[in-house]
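Here is how the chains run, residue by residue.
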Amino acid sequence: MLITRATRHDKQDLETFYATHDWEDPHLSVGVSFVARQGAIVGALTLIEIEPQTVIVEDVLVAPDRRGSGLGTQLMQAAMNSRGGSMFLCCHAERLPFYQRLGFEDVSFDQLPSTVQEFMRDDGAYPFTADHVHYFMKAR
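To keep things clear, this report deals only with the structure shown in the data block. (Residues numbered from 1 in each chain as written. Predicted model: local features only at pLDDT ≥ 70, side-chain atom pairs only at ≥ 80, totals over all residues. Heavy atoms only, no water.)

## Describing the layout of surface pockets
Gaps between atoms show up when a probe of the same size as a water molecule is rolled over them.
Argument step 1. Approximately 1,100 Å³ is the volume found for the largest pocket.
Argument step 2. By residue number, the principal contributor to the lining of the largest pocket is strand β4 (residues 54-62), which donates six residues.
Argument step 3. For the lining of the largest pocket, a count of residues per class yields twelve nonpolar, eleven polar and eleven charged. (1 Å grid on protein atoms, 1.4 Å probe; cavity = no way out; pocket = protein on both sides within 12 Å on 5 of 7 lines; lining within 4 Å. Points joined across faces, edges and corners; volume = space filled by probe spheres on them. Helix = DSSP H or I, 4+ residues; strand = E, 2+ residues; numbered from the N terminus. Nonpolar A, V, L, I, M, F, W, Y, C, P; charged D, E, K, R; others polar.)

## Topic: a negative patch on the surface
Argument step 1. On the surface, a cluster of negative charge is made up of D22, E24, D25, E118, D122 and D123.
Argument step 2. Residue classification places D25 among the exposed residues on the basis of a relative accessible area of 65%. (Patch = residues over 30% accessible without salt bridge, like charges linked within 9 Å, V, L, I, M, F, W, Y side chains within 5 Å. Areas by Shrake-Rupley, 256 points an atom, 1.4 Å probe, with all protein chains shown as cover. Salt bridge = Lys/Arg side-chain N within 4 Å of Asp/Glu carboxyl O. Lys, Arg positive; Asp, Glu negative; His and termini not counted. Charge placed at Lys NZ, Arg CZ, Asp CG, Glu CD. Buried < 20%, exposed > 50% of the residue type's maximum accessible area, 1.4 Å probe, protein only.)

## Remarks on the sheet that holds strand β1 (residues 2-5)
Argument step 1. Spatial strand order, β1-β2-β3-β4-β5-β7-β6: seven strands in an open sheet with mixed pairing. Strands at the two margins of the open sheet, each flanked by one partner only, are β1 and β6 (105-107). This sheet shows a mean twist of 30° between the axes of neighbouring strands, independent of strand direction.
Argument step 2. Strand direction decides the pairing type here: strand β2 (residues 32-38) and strand β3 (residues 40-51), joined by seven bridges, are antiparallel. Within β3, the position partnered with S33 by the bridge is T46. (Pairing = 2+ DSSP bridges. Axes fitted to C-alpha atoms, helices over the stretch in contact; angles between N-to-C directions.)

## A few points about unusual backbone geometry
Argument step 1. Between Y126 and the following residue, P127, the backbone shows a cis peptide bond with an omega angle of -5°.
Argument step 2. If you trace the backbone, P127 turns up in the loop between α4 (114-123) and β7 (135-139).
Argument step 3. Positive phi values are uncommon outside glycine, yet Q53 reaches one of about 65°.
Argument step 4. Not every positive phi belongs to a glycine, and R140 is a case in point at roughly 70°.
Argument step 5. Here R140 shows up in the segment after β7.
Argument step 6. In this structure R140 comes out as partly exposed when scored by relative accessible area, which is 47%.

In short, the description is geometric, and any link to function would need to be established separately.
Pasting the structure below:
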């Protein structure tokens, strides 16, 4: 398996990967994407630097048949090692342990920098509803 920073040549494959897994509106026109390939893309994520030393982790997705194999951890570590500064993300409750193992800690929305709050609002992650709760996390 190969984990690399995506190039413009990967865009169509990324679009197909996200669409195949019913992922809505991936952030493919901003930031830097990373892909895990075993022939086809089997995992991907995007890092969006919203200001110097402030990065948002978005669109983390591992193909269902590859989950639990360590691929997500390898993909996240490659992306995290590529950038300095603080990293922020939004996830659902079932993903909290995964991100905590990678060094992310829970933070409240009010603890996020204003630029991160603005991104999360624009992205639809906040405010959330009682039946669709989002958790915010920070590393470094």
